[in-house]
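Spelled out from the first residue to the last, the chains are:
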Amino acid sequence: IAAAVSNHNHQLPLNKQPGSSADLLRFLGTVMPGYDRLETVDTCLEHVRLLVRQLCGDDAAVVVQGSYTQGVALVGSDLDVAVILDGKQQAADARRPGQQRGGASGRQ
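Residues numbered from 1 in each chain as written. Predicted model: local features only at pLDDT ≥ 70, side-chain atom pairs only at ≥ 80, totals over all residues. Heavy atoms only, no water.

**Q** Outline the overall build of the chain, supporting the account with residue identities and numerical values.
**A** Secondary structure summary: the chain contains five helices and two strands in total. Listing the helices and strands of the chain from first to last along the sequence gives α-α-α-β-α-β-α. Taking all 108 residues of the chain together, the buried fraction comes to 19%. Across the chain, every contact between residues at least 6 apart in sequence was considered, and the portion connecting residues at least 24 apart equals 45%. For the chain, the accessible surface area stands at approximately 7,800 Å², while carbon and sulfur atoms represent 56% of it. (Helix = DSSP H or I, 4+ residues; strand = E, 2+ residues; numbered from the N terminus. Buried < 20%, exposed > 50% of the residue type's maximum accessible area, 1.4 Å probe, protein only. Contact = heavy atoms within 4.5 Å. Areas by Shrake-Rupley, 256 points an atom, 1.4 Å probe, with all protein chains shown as cover.)

Spelled out as structure tokens, the structure:
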């Protein structure tokens with residue numbers, strides 16, 4: 001959504017009535033990150049994934065969360081990520097019935 005809104009070139013027919021879809025698109029174009037920002041975020045995310053693999057091994061995963069995942073990131077939004085260590089082992093543990101996992105949240 002963000003890329004589509006930020007990349008539109010106002011080529012849609014502009015309706016002169018206040019509250020038109022063109023007004024909404026113009027507004028969204030001012031508050032949503034543009035293509036360049038999204039490209040920068042993608043590049044940074046790839047760097048984070050590379051560093052996590054180097055430091056934590058191939059079983060670690062980087063998961064994007066928050067507004068970028070939901071498609072509602074704004075110009076000043078941060079990038080929320082979670083690093084899941086040993087993700088393959090945790091997935092296998094979760095499939096074993098009756099196994100006690102540590103902590104109230106179920107995390108080890």
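**Q** Lay out the pattern of salt bridges with the relevant residues and their values.
**A** Opposite charge on two side chains makes pairing possible when the charged atoms of those side chains draw close. Using the criterion set out here, one finds two salt bridges in the structure. Put simply, Arg 26 and Asp 23 hold a salt bridge, and the shortest N to O gap is 2.5 Å. A residue pair is termed a helical-turn pair when its members lie 3 or 4 positions apart in one helix, as Arg 26 and Asp 23 do in helix H2 (residues 21-31) at three residues. The class of Arg 26 is partly exposed, set by a relative accessible area of 31%. Put simply, Arg 49 and Glu 46 hold a salt bridge, and the shortest N to O gap is 3.2 Å. (Salt bridge = Lys/Arg side-chain N within 4 Å of Asp/Glu carboxyl O.)

**Q** Help me get a handle on helix H3 (residues 35-56), residues and values and all.
**A** A rise of 1.5 Å per residue sets the reference length of H3, with its 22 residues, at 32 Å; its end C-alpha atoms lie 31 Å apart and thus fit the reference within 8%. Within the sequence span of H3, burial applies to Leu 38, Val 41, Leu 45 and Val 52. Viewed end-on, H3 has its buried residues packed into an arc of 55°, placing them on one side of the element. Among the exposed residues of H3, those pointing more than 90 degrees away from its buried face are Asp 36 and Gln 54. Within two residues after H3, Gly 57 carries a phi angle of roughly 95°, on the positive side. (Expected span 1.5 Å × (residues − 1). Arc of directions from axis to C-beta.)

**Q** Give a detailed account of the confidence of the model for the chain, specifying residues and quantitative values.
**A** Residues of the chain with pLDDT of at least 70 account for 62%, and the chain-wide mean is 75. Scored below 50 in pLDDT, residues 1-12 makes 18 contacts in the model with residues more than four places away or belonging to other chains. (pLDDT = per-residue confidence, 0-100.)

**Q** Got a sec to walk through the side chain of Ser 77? Specific residues and values, please.
**A** Considering the arrangement of structural elements, one finds Ser 77 in the loop between helix H4 (67-70) and strand E2 (80-84). Engagement of the side chain of Ser 77 in a polar contact is seen with the backbone nitrogen of Leu 74, the distance being 2.7 Å. Those residues in contact with Ser 77 that lie beyond four places of it in its chain are Arg 37, Ser 67 and Tyr 68. (Polar contact = N/O pair within 3.5 Å; in protein donor to acceptor, adjacent residues only side chain to side chain.)

**Q** Can you tell me about the side chain of Ser 67, naming the residues and giving the values?
**A** Secondary-structure assignment places Ser 67 in helix H4. Assessed through its relative accessible area of 16%, Ser 67 is described here as buried. Those residues in contact with Ser 67 that sit more than four places away from it in its chain are Val 72, Ala 73, Ser 77, Asp 78 and Asp 80.

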